[in-house]
Amino acid sequence: MTHTQIEEIDSVASMRAYRHDSPLGEMRSLWTPQGLYSLSWISETNGGAASSITESTAAENTAARELDRQLERYFAGEPVSFDSLQVDHQGRTEFTRRVYQCCRQISFGQTSTYKELATRSGNEAASRAVGAAMSRNRVLLIIPCHRVISQHGQLRGFSAPGGLTTKQFLLDLETK
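Scoring rules and cut-offs
Residue numbers run consecutively from 1 along every chain, following the written order of its sequence. The predicted nature of this model means local features are confined to residues of pLDDT at least 70 and side-chain atom pairs, given and counted, to a pLDDT of 80 or more, with totals for whole chains, interfaces and linings taken over all residues. To get the side-chain values, take all heavy atoms of the structure and skip hydrogens and water. Helix numbering and strand numbering both begin at the N terminus, where a helix is a DSSP run of H or I of at least 4 residues and a strand a DSSP run of E of at least 2. Three exposure classes are used, based on accessible area relative to the maximum for each residue type with a 1.4 Å probe and protein chains only: buried under 20%, partly exposed in between, and exposed over 50%. Residue contacts are counted whenever heavy atoms from the two residues lie within 4.5 Å of one another. Two N or O atoms form a polar contact when they lie within 3.5 Å of each other; inside protein one atom must be a possible hydrogen donor and the other a possible acceptor, and for residues adjacent in sequence the pair counts only when both atoms belong to side chains. The salt bridge criterion pairs a side-chain nitrogen of Lys or Arg with a carboxyl oxygen of Asp or Glu, the two atoms within 4 Å. For two strands to count as paired, DSSP must find a minimum of two bridges between them. Take the residue count of a helix, subtract one, and multiply by 1.5 Å to get its expected span. This arc describes the spread of directions from the helix axis toward the C-beta atoms. Centres within 6.5 Å make a pair out of two Phe, Tyr or Trp rings, where for Trp the six-membered ring is used; the pair is then stacked when the planes are under 30 degrees apart, edge-to-face when over 60, and tilted otherwise. Each ring is checked for a lysine NZ or an arginine CZ that lies within 6 Å of its centre and within 35 degrees of its normal; such an atom marks a charge sitting over the ring.

S.K.: Describe the overall build of the chain, naming the residues involved and giving the relevant values.
M.R.: Across its full length, the chain carries 5 helices and 6 strands. Counting helices and strands in the order they occur from the N terminus, the chain gives β-β-β-β-α-α-β-α-α-β-α. Counting over 176 residues, the chain shows a buried share of 47%. Considering only contacts in the chain between residues 6 or more positions apart, those separated by 24 or more positions represent 56%.

S.K.: I'd like a description of helix α2 (residues 94–104), backed by residues and values.
M.R.: Turning to α2, its buried residues are Phe95, Thr96, Val99, Tyr100, Cys102, Cys103 and Arg104. Buried residues belonging to α2 abut α3 (114–120), α4 (127–135) and β6 (148–149).

S.K.: Requested: an account of the side chain of His146, with residues and values cited.
M.R.: You can see His146 is positioned in the loop between α4 and β6. A relative accessible area of 1% places His146 in the buried class. At a separation of 2.7 Å, a polar atom in the side chain of His146 contacts the side chain of Glu174. In this structure His146 touches Tyr74, Leu141, Phe158, Lys167, Leu170, Leu171 and Glu174, once residues within four positions along its chain are discounted.

S.K.: Outline the pattern of salt bridges, listing residues and values.
M.R.: Across all of its chains, the model carries 4 salt bridges by this definition. Its salt-bridge partner being Glu78, residue Arg73 comes within 3.0 Å of it at the nearest N-O pair. The salt bridge involving Arg147 is made with Glu174; its shortest N-O contact spans 2.8 Å. With Arg147 in the loop between α4 and β6 and Glu174 in helix α5 (residues 163–174), this pair connects stretches of sequence that are 27 residues apart.

S.K.: How would you sum up the pairing of strand β3 (residues 27–32)? Please name residues and give values.
M.R.: Burial analysis of β3 places 6 of its 6 residues in the buried class, which makes it a mostly covered element. Side-chain alternation along β3 places Met27, Ser29 and Trp31 on one buried face and Arg28, Leu30 and Thr32 on a second face that is also buried. In this structure, the hairpin formed by strand β2 (residues 15–20) and β3 is closed by a connection of 6 residues, where Gly25 is found at a positive phi of approximately 115°. Sheet topology note: the β3/strand β4 (residues 35–41) ladder contains 6 bridges and is antiparallel.

S.K.: Describe the side chain of Arg147, listing the residues and the values that go with them.
M.R.: Judged by relative accessible area, Arg147 falls into the buried class, the value being 3%. A polar side-chain atom of Arg147 sits 2.6 Å from the main-chain carbonyl oxygen of Ile106. Excluding anything up to four places from it in sequence, Arg147 contacts Tyr74, Val80, Ile106, Ser107, Phe108, Gly109, Gln110, Thr111, Ser112, Leu171 and Glu174.

S.K.: Help me get a handle on unusual backbone geometry, residues and values and all.
M.R.: A positive phi is found at Phe82, a non-glycine position, where the angle reads about 60°. Inspection of the secondary structure assignment puts Phe82 in the loop between α1 (58–75) and α2.

S.K.: Go over α5 with me, naming the residues and quoting the values.
M.R.: The first and last C-alpha atoms of α5 sit 17 Å apart over 12 residues, in line with the 16 Å expected at 1.5 Å per residue. Every buried residue belonging to α5 is among Gly163, Thr166, Lys167, Leu170, Leu171, Leu173 and Glu174, and all of these are buried. In a view along the axis of α5, the buried residues occupy a sector of 160°, so they form one face of it.

S.K.: I'd love a proper account of the environment of Ile42, names of residues and values included.
M.R.: With respect to the helices, strands and loops of the structure, Ile42 is situated in the loop between β4 and α1. Spatially, the C-alpha atom of Ile42 lies 8.8 Å from that of Arg19, the residues being 23 residues apart in sequence.

S.K.: Describe the packing of aromatic side chains, and please don't skip the residues or the numbers.
M.R.: In this structure the tally under the stated criterion is 3 aromatic pairs. Taking the centre distance of 5.1 Å and the plane angle of 85° together, the rings of Tyr74 and Phe75 count as edge-to-face. Taking 5.8 Å as the distance between ring centres and 85° as the angle between the ring planes, the aromatic pair formed by Tyr74 and Phe108 counts as edge-to-face. Pair noted here: Tyr74 is in helix α1 and Phe108 is in the loop between α2 and β5 (112–113), with a separation of 34 residues, a long-range link. Among the residues examined, Tyr74 registers a relative accessible area of 1% and is labelled buried. Taken together, the ring pairs in this structure connect Tyr74, Phe75, Phe82 and Phe108 into an aromatic cluster. Sitting above the plane of the Tyr37 ring, Arg138 keeps its charged end 3.9 Å from the centroid.

Pasting the structure below:
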């Protein structure tokens, strides 16, 4: 993979967007003053910049550059935790925040089941709610929802472009 490039895109309101290269296509990160709001692959359905994006502070630029370095290492197959990145959880319920916090604790190259994640989040009967939270994850890779699998070890749902093929690619990348 060639060196990942950051390109600032459309600015309007309180977010700043950056583009990042990946082997699965270009990604876009959106930043608020509270941290990383979203990270996703750019697809035909989300291709344009959000209409509410504005200039960022120097600290946000530094954070976007750090994300870029970490993504480059990640896609080179190096274990990366992304723990240093501040995530903006605005609009999330307390349960969803706990689920995401527990999901971030799943180590590079490891997996967890929806049930295990529900139990660690404080409600062992909430496997479906964990699945719903994973489907609404707007910070792919940083909250590693691709590491969450069914109780029987099968891959279930992945809302990023490429679906389960992308999920399998990421799991394979981490277990090389």
